[in-house]
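In case you want the letters, here they are:
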Amino acid sequence: MTSEQDSAGSSIAAILAAVSAEMSIAAEACGKLDDALGQILAVSPPESRNQVMQELHTVDLLAQHITAVTDFTHRLALIASTDDSLAVDDALSAITLGAVAERLRASLAAAKAD
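Only a predicted model underlies this, so the values are computations on that prediction, with no experimental measurement involved.

1. Describing the pattern of salt bridges
Moving on, step 1. Scanning all chains against the criterion turns up three salt bridges.
Moving on, step 2. In this structure, the salt-bridge partner of Arg103 is Glu22, at a minimum N-O distance of 2.5 Å. Pair noted here: Arg103 is in helix 5 (residues 98–113) and Glu22 is in helix 2 (residues 12–43), with a separation of 81 residues, a long-range link.
Moving on, step 3. Ionic pairing is found between Arg105 and Glu102, a salt bridge with its closest N-O pair at 3.5 Å. Here the residue Arg105 and the residue Glu102 both occupy positions in helix 5, the gap between them amounting to three residues, near one helical turn.
Moving on, step 4. The class for Arg105 is buried, based on a relative accessible area of 16%.
Moving on, step 5. Connected through shared salt-bridge partners, Asp89, Glu102 and Arg105 make up one network.

Structure (structure tokens):
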């Protein structure tokens, strides 16, 4: 996204939709982690199963948390203003995972193009 694009800002609805989509990716990763822990549980000796079950519970709570935030931001995106905007370049620059920042930038750029 160029600074000219950012100076116009991104609509609040587009920002919320982009965050919701990114949270969906995190939820999928959480599901994969849950599956992996389930496989570990299946081959764990009986004395280790309680610990693995505790970790499965933690991952399940994390997945529920991520899903709740995903659903919340998605619903906000549906009702948020497309007229009001925020400049997001500084916030995007603070993201340390490059792939996340790039997906968010691409999503916001695509929303502007629509």
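There is more to say after this.
2. Some thoughts on the packing of helix 2 against helix 3 (residues 46–79)
Moving on, step 1. Contact geometry of helix 2 with helix 3 gives a least axis separation of 8 Å together with a crossing angle of 165 degrees. The angle between helix 2 and helix 3 falls in the class roughly antiparallel. Between helix 2 and helix 3 lies a crossing whose hand is left-handed.
Moving on, step 2. Among the residues forming the contact of helix 2 with helix 3, the class breakdown is 23 nonpolar, seven polar and three charged.

3. Considerations on helix 2
Moving on, step 1. Taking 1.5 Å of rise per residue, 32 residues should cover 46 Å, and helix 2 covers 47 Å from first to last C-alpha, within 8% of that figure.
Moving on, step 2. The complete set of buried residues in helix 2 reads Ala13, Ala14, Ile15, Leu16, Ala18, Ser20, Glu22, Cys30, Leu37 and Leu41.

What counts, and at which threshold
Residues numbered from 1 in each chain as written. Predicted model: local features only at pLDDT ≥ 70, side-chain atom pairs only at ≥ 80, totals over all residues. Heavy atoms only, no water. Salt bridge = Lys/Arg side-chain N within 4 Å of Asp/Glu carboxyl O. Helix = DSSP H or I, 4+ residues; strand = E, 2+ residues; numbered from the N terminus. Buried < 20%, exposed > 50% of the residue type's maximum accessible area, 1.4 Å probe, protein only. Axes fitted to C-alpha atoms, helices over the stretch in contact; angles between N-to-C directions. Parallel < 35°, antiparallel > 145°, perpendicular 65-115°, else oblique. Left-handed = near helix turned anticlockwise from the far one by under 90°. Nonpolar A, V, L, I, M, F, W, Y, C, P; charged D, E, K, R; others polar. Expected span 1.5 Å × (residues − 1).

Functional significance is not addressed by these values, which are geometric in nature.
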